[in-house]
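# Coordinate analysis (summary)
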Amino acid sequence: MKKLCCVLFIACCALALFCDESWIIPLDSLIYRRAEELFLCEGKVPLFEETPVIAEELKNQLAQLSENARDTEIVEQINELNAEVNLLFPLLSPLVELGFSAGLDSESGRQHMIPTYDYHGVSTGPDKDILDFTYMYEINELPSVIKAGFIAQAGGFSLLFLPEIRETTTALLEDENITNIPGDLTSINFYSLPFRGISTYYNAPIELRLGRDKLHVGPSTWGGLTLNKHVPYYDYIKARFFIPGFSLSSYVINLNPIMTRNESDYLNTLDSAEYKKLEPNGTKNGDPYMDRFKNLVLSKATFIPWDWLLFSITQCNLVGGRPLEISDFNPLLVFHNNFDEGTYSVPLSVTATVVPYKGIKIYGEWYFYDAPAGDETDPDENAFAMGYQLGFTLLSNPFFQLGPGRFRLDAEITYVDPWTYGKAYDLRKFTSRFVYVESFIGRRWVDYPLGFYLGPDVIDIHCSVSYGIPGEWEAELHWNTTAKGQVDLYGWGEDNDYYHIGETGYPLSWAPTGTVEWTHAITLSGYWVITKGVTVKAWYRLQHIKNRYNTADAGEFYHWAGASAVWKLF
């Protein structure tokens, strides 16, 4: 027995020597912000435009940065960050996290952010209600009561499993519970599957992933135009090939094809002779694409010709109503005619990030949603829908030092055309549908925008200034203004099937359409890492909404104060 134990011990040690850090650093980790600032202080673009990143790759990037860094203080920070990336145990490491949050809203309660509506405004039963996604963003940011799982890795392979216990959205939205601690067993979410669980293989120049996790693609601080990083998770497969200065990634994201009763009824109308006459190319062998499938295939090429410049080209191929085919994986499909006019589009996204001087980052993204196809020659079709985004980051470190910390200024402005992300065909709308299953209660339906986090027909402006020591403590003052038009994820007006006929009053423009809902918000927040693994956050937000839900003269002031504490035991 002793011999067997010795052999196992030696084998484990041998595996540890050859073990790559192939586990994925969570998207919400402070490590990314700290690493980004280290690159900017050296006048170089951050090399991780696709997050989350595998730990081994981030460590390699930091090692290269350390070799060329001229500032000894930066080298010390890099070494500290590298040590923080390491797991407690290299082969099998437990993951245990406890979370607590509490918040107080204005008198109208938390539901001030929750316009609950049915698709097309028609009641389809309590289990068919579709909750507004904007408040669900806040619900999903609250820490889970318990997360407990593990990371296992060896020889470039890793397996991460992290189930969690959450307060149900029902208790948080309707029972006015001011904390995330369940009041009784019926308030615990037992049935929603883990939000994070993924297997990976990493061995340069190849990376493979399969599982469930958050994703972010692009340089944006608050939310890019290509893939919404605020969606709770994506079920996806990723394959990536990379060499110095270039990488090519391909994602297959499986989306929920479940439909409401009205959506199913509308889908059935596509099988009519009248529709087939109007949309001859929206069918296959004379039948419309009606199979319950919905997948997003992303192909992203990233180029870094110089240390100070990064640009990328991304293709977004949303395939709905039919299974995937080999042609759907063509990374140049956007330049082809896919003979599916009127119900289909393959958007193109182009991003660029420039670091013209140490501590300054300028970035932008252009999203081209809908090129005119053969049947889109009428002005009412509103082809050429686009999105635009421009932002910058400015760090004080390279210019002056004030106290122990540093100042950081971030700003970002985004405009998305009214007809971006939408088609009449429900299975091809750029939405990610979640059905939250909750114990003893039922289901909550939420449609999250798949591209920009606020959907189409919007102007969104952010500006924030912060001061602190990254990774230790930081205080931030954030200002946000949003102008949201009347075209939403489902279309415009009461009969919002995204029909363009008779909507010439809402063409593509440089301003949101109709009665615009204006939201102004100021948020003061901060975090403090008390000790390694224990982080405390607090925030206060004052918000004013004018023309709420696009209704003239409707509006009110709201506020929300809250705090949270997260203890990562392992």
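Look up a bit, the structure's there.
Residues numbered from 1 in each chain as written. Predicted model: local features only at pLDDT ≥ 70, side-chain atom pairs only at ≥ 80, totals over all residues. Heavy atoms only, no water.

The next point concerns the pairing of strand E19 (residues 386-395). The two faces of the sheet receive side chains in turn, since in a regular strand these alternate between them. Relative to E19, strand E18 (residues 360-368) is paired through 9 bridges, and the arrangement is antiparallel. Residue Gly364 lies in a different strand from E19, and its bridge partner there is Leu390. Inspection of the sheet shows E19 paired to strand E20 (residues 406-416) by 9 bridges, in the antiparallel sense. Bridge assignment links Leu390 to a residue of E20, and that residue is Ile413. (Pairing = 2+ DSSP bridges. Helix = DSSP H or I, 4+ residues; strand = E, 2+ residues; numbered from the N terminus.)

Attention now goes to the side chain of Lys294. Within the element layout of this structure, Lys294 appears in strand E15 (residues 294-306). Lacking a salt bridge, the buried Lys294 has Asp447 as its closest oppositely charged neighbour, with an N-O distance of 7.2 Å. Only 3.0 Å separates the side chain of Lys294 from the backbone oxygen of Lys429, close enough to count as a polar contact. A distance of 2.9 Å separates the side chain of Lys294 from the backbone oxygen of Thr431, its partner in a polar contact. (Buried < 20%, exposed > 50% of the residue type's maximum accessible area, 1.4 Å probe, protein only. Lys, Arg positive; Asp, Glu negative; His and termini not counted. Salt bridge = Lys/Arg side-chain N within 4 Å of Asp/Glu carboxyl O. Polar contact = N/O pair within 3.5 Å; in protein donor to acceptor, adjacent residues only side chain to side chain.)

Moving on, we get to the nonpolar core. In this structure, Leu58, Leu227, Ile253, Leu296, Phe430 and Tyr448 are the most contacted members of the largest nonpolar core, which totals 79 residues. Broken down by element, the residue count for this core peaks at 7 residues, all from helix H2 (residues 30-41). Setting aside chain neighbours within four positions, we find Ile253 in contact with Leu215, Leu227, Tyr234, Asp235, Tyr236, Lys294, Asn295, Leu296 and Leu298. Counting 5 residues, the second-largest nonpolar core is a separate cluster that includes Met259, Leu267, Tyr289 and Tyr425. (Core = buried A, V, L, I, M, F, W, Y, C linked by side-chain atoms within 4.5 Å. Contact = heavy atoms within 4.5 Å.)

It is worth spelling out the pattern of salt bridges at this point. One pass over the full model with this rule turns up 20 salt bridges. Arg408 is paired through a salt bridge with Glu37; the nearest N and O atoms lie 2.9 Å apart. With Arg408 in strand E20 and Glu37 in helix H2, this pair connects stretches of sequence that are 371 residues apart. On the accessibility criterion, Arg408 (3% relative accessible area) is buried. The exposure class assigned to Glu37 is buried, which follows from its relative accessible area of 6%. With a shortest N-O distance of 2.7 Å, Asp410 and Arg408 are connected by a salt bridge. Taken as a pair, Asp410 and Arg408 share a single burial class, namely buried.

Moving on, we get to unusual backbone geometry. Each neighbour pair has its own omega, and for Thr51 with Pro52 the value is 5°, a cis peptide bond. Tracing the sequence through the fold places Pro52 in the loop between strand E1 (50-51) and helix H3 (55-68). Unlike most non-glycine residues, Asn547 shows phi in positive territory, near 60°. Counting through the fold element by element, Asn547 comes out in the loop between strand E26 (534-546) and strand E27 (555-568). Look at Asp553: it is not a glycine, yet its phi comes out positive at around 70°. Mapping Asp553 onto the fold places it in the loop between E26 and E27. Assessed through its relative accessible area of 77%, Asp553 is described here as exposed.

In short, the description is geometric, and any link to function would need to be established separately.
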